[in-house]
Amino acid sequence: MHLSARACAVLLSLWSSSVRAADGTVTLATGPAAYQQPLPGLTGGDFETFREGAGVFRAAWLKGPSIDTPRFTGLGPLFNRRSCVACHIGNGRGEPPAETSDQTRSLLIRLSLPGADATGGPRAHPAYGDQIQTDAVIGAKPEGRVSFHWVETGVTLGDGTAVLLRRPEIVLRDLAHGPLPAEIQMSARISPAVFGLGLLEGVSGETLTKMAREKKADEVRGRVNMVWDVGRKQAVPGRFGLKANQPTLRQQIAAALAGDMGITSSFLLGDECPAAAKDCREAGSTPEIADADFEALVRYVAGLAPPPPRPRDAVAAVGAKTFADIGCAACHRETLEAQGTVLAAYTDLLLHDMGGDLADGRPDFLASGREWRTPPLWGIGLVGTVNDTAAFLHDGRARTLTEAILWHDGEAKPARDRFARLSKETRDALLAFLGTL
Ligand code: HEC
Ligand code: HEC
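Residues numbered from 1 in each chain as written. Chains lettered and ligands numbered in written order. Predicted model: local features only at pLDDT ≥ 70, side-chain atom pairs only at ≥ 80, totals over all residues. Heavy atoms only, no water.

Let's shift gears to the confidence of the model for the protein chain. The predicted model of the protein chain has a mean per-residue pLDDT of 90, with 90% of residues at 70 or higher. A low-confidence stretch, residues 1–17 stays under pLDDT 50, and its non-local contacts, those more than four residues away or across chains, total 29 contacts. Scored below 50 in pLDDT, residues 21–27 makes eleven contacts in the model with residues more than four places away or belonging to other chains. (pLDDT = per-residue confidence, 0-100. Contact = heavy atoms within 4.5 Å.)

What follows is the structure, given as C-alpha cells:
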C-alpha cells in the first residue's frame with residue numbers, strides 16, 4: 001500500500017521525539033517512561049483529565065472503608081492485583097513466573113466450560129467464574145494459586161543456530177471450590193501493553209471487514225471477531241483483548257476493573273454480569289469507582305501515545321524490506337486506516353489461526369481455540385527499556401523476539417519457515433528493524 005503525501009504528514013505529526021511531562025519538563029520519549037506519554041495535542045482540560053486518569057491507573061485499591069484513601073476503596077472480595085499498573089508494568093507488558101514455585105504476578109488464567117453463554121461469549125464455571133482470582137480481601141478466600149511448569153524444546157535454524165523454546169503448563173494449587181472438571185478450558189494470558197489503543201479504537205468496523213475480505217499471501221486469512229457490546233446490547237466487531245473479545249476501550253476497562261480487581265463501575269455493575277460469572281457478580285451492585293475516576297481512566301488509556309519509531313540505519317532498512325518480503329506484514333500490517341489517519345501499528349486487529357502449539361483450546365465469541373488477534377508491534381523495540389523481564393506472546397513463553405517468531409504456525413507457518421531459513425545477517429537485520437519500532 002502506498003501512502004498519500006497527506007497520510008504521511010498525518011502519520012508523522014502523530015509522533016514527536018520529545019514530550020512534555022506532567023510537570024512541564026521535556027523528556028525523550030524513548031526511555032523507561034516511553035509507554036506513558038500523552039498523544040501530542042492533548043492540552044488544557046484534556047491533559048488535566050489524562051493526569052487524573054494516570055493517578056487512577058497507578059492507584060493501589062483497598063477493601064475499605066478507609067479514612068485516608070476513601071476514593072480508592074471497594075477492592076474485591078476476589079481480585080488478582082490491586083492496581084492496573086501492577087500487571088501493565090510501566091504501561092507495558094507483564095512478566096511470566098520464572099520457576100514452578102513462583103506465583104503468577106501479571107498473568108490471568110481465563111476459564112470456561114464448552115459451549116457459549118446467552119451473549120455468545122464463553123460459558124463461565126458456576127463456582128470459579130471465568131477467571132481464577134488468586135487473591136482475596138480479608139474474610140474471603142482466593143480461588144487458588146497459579147504457577148507454570150516450563151517444558152523446553154529445541155529448534156535449529158537454517159544456518160545451524162540452535163534456539164531453546166519453552167512452553168508453559170498451567171499448575172493450579174489450593175483450589176477453593178475443589179478440582180476443575182476434565183472438560184474445563186483454560187487460557188493463560190500475560191498483560192499486554194496499553195498505549196496506542198485510543199488510536200486503534202478509531203479503526204472502523206468496515207475497515208476490519210474490508211481487511212478480512214482482502215486476498216492475502218500464502219494461507220493467511222484473517223477474521224473479525226463479533227462480540228457482545230454491553231452498552232448497545234448487540235454483537236459488534238471486537239478489537240481489544242488478545243482474542244479481540246472486547247468491542248470498546250470503555251468495556252475492556254470496565255471488565256478489567258470487575259474481573260481483575262473486583263471493582264464495579266456504573267458501566268458494569270455486579271448484577272449485570274452473566275448469571276454464571278460469579279466473580280463478576282460478587283463485585284457488588286453499586287459502583288465502587290466514581291464515575292469521574294472511571295471516565296478519567298478511560299480517557300487516560302485512550303490518550304496514551306505509541307512511542308515514536310527510531311531512525312532506521314541501513315541494516316534496519318534491509319530488515320524492514322525483509323519483514324515485508326517474507327510475509328510478516330500480511331498480518332502485522334505496516335499501515336492501518338483509522339479515521340482519516342494512517343497508523344503504523346503493525347497489526348490488522350484480525351484473528352488468525354496460529355497453529356496447535358499456540359492454541360489455548362478456549363473459544364471466545366467467534367475466535368476459535370487456535371486463533372489470536374495480531375498484536376500491534378509498535379513500541380516493541382522498547383520493551384526491554386520499559387521492563388527487562390517482560391516476555392512475548394499471549395502467555396509470555398517467548399523470552400526473545402526470535403523465540404516469538406519461531407512459535408508462529410498455522411496461517412503464519414510460511415512466514416515463519418522463511419524466517420528460519422534466512423542467513424544470520426538478514427535475520428539480524430529483521431531483528432534490528434523490530435528494534436526501531
Ligand atoms: C491481573 C493482571 C491485570 C490487571 C490487574 C489489569 N489487567 Fe489489563 N490486561 C491483563 C491481561 C492478561 C490482558 C489480556 C486479556 C485477555 O485478552 O484476555 C489485559 C488487557 C487489557 C487491555 C486491552 C489491551 C489490548 O491490547 O487489547 C486494556 C486496555 C487493559 N487491560 C487495561 C487495564 C486497566 C485500565 C486496568 C485497571 C483497571 C487493568 N487492565 C488491570 C492483565 C491485567
Ligand atoms: C498469519 C498472521 C501472522 C503472520 C504472517 C505473522 N504474525 Fe507475528 N503474530 C501473529 C499473531 C496472531 C501473534 C500472537 C500470537 C500469540 O500471542 O500466541 C503474533 C505475535 C508476534 C510477535 C510477538 C508480539 C507480542 O506482543 O508478544 C512478534 C514479535 C511477531 N509476531 C513478529 C512476526 C514476524 C517477524 C513475522 C514474519 C516472520 C510474523 N510475526 C508473521 C500473527 C502473524
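In the vicinity of ligand 1 lie 26 residues, with Cys84, Cys87, His88, Arg189 and Leu242 positioned nearest. Gly241 places a polar main-chain atom, nitrogen or oxygen, 2.7 Å from an oxygen atom of ligand 1. Arg373 places a side-chain nitrogen or oxygen 2.9 Å from an oxygen atom of ligand 1. If you list the elements that add at least two residues to the shell around ligand 1, you get helix H3 (84–87), strand E4 (107–116), strand E9 (185–190) and helix H6 (249–261). A total of seven residues in the shell around ligand 1 trace back to one element, the largest contributor, which is H6. Taken together, the residues of the shell around ligand 1 break down into 15 nonpolar, six polar and five charged. (Near = heavy atom within 4 Å. Polar contact = N/O pair within 3.5 Å; in protein donor to acceptor, adjacent residues only side chain to side chain. Helix = DSSP H or I, 4+ residues; strand = E, 2+ residues; numbered from the N terminus. Nonpolar A, V, L, I, M, F, W, Y, C, P; charged D, E, K, R; others polar.)

From the protein, the iron atom of ligand 1 takes a single donor atom, His88 (NE2), 2.1 Å away. Mapped onto the elements, His88 comes out in the loop between H3 and E4. (Donors = N, O, S within 2.8 Å, 3.2 Å for Na, K, Ca; no water.)

Considering all chains together, one arrives at two cavities of 30 Å³ or more under this definition. By volume, the second largest cavity is sized at about 40 Å³. Asn80, Arg81, Cys87, Thr104, Arg105, Leu107 and Thr134 are the residues that line the second largest cavity. Tallied by class, residues from the lining of the second largest cavity come to two nonpolar, three polar and two charged. (1 Å grid on protein atoms, 1.4 Å probe; cavity = no way out; pocket = protein on both sides within 12 Å on 5 of 7 lines; lining within 4 Å. Points joined across faces, edges and corners; volume = space filled by probe spheres on them.)

A word on the environment of Ala420. Here Ala420 is to be found in helix H12 (residues 413–421). Exposure remark for Ala420: the relative accessible area of 16% places this residue in the buried category. As a C-alpha pair, Ala420 and Thr402 span 18 residues in sequence and 9.3 Å in three-dimensional space. (Buried < 20%, exposed > 50% of the residue type's maximum accessible area, 1.4 Å probe, protein only.)

This part covers the site of ligand 2. The full set close to ligand 2 counts 26 residues, and Cys328, Cys331, His332, His394 and His408 are the nearest of them. Taking Arg93, its side chain carries an N or O atom lying 2.7 Å from an oxygen atom of ligand 2. Contacts to ligand 2 include His332, whose side-chain N or O atom sits 2.9 Å from a nitrogen atom. Breaking the shell around ligand 2 down by element, the ones donating at least two residues are strand E15 (371–373) and helix H11 (401–406). Tallying contributions element by element places H11 first for the shell around ligand 2, with three residues. Here the shell around ligand 2 is built from residues that sort into 17 nonpolar, six polar and three charged.

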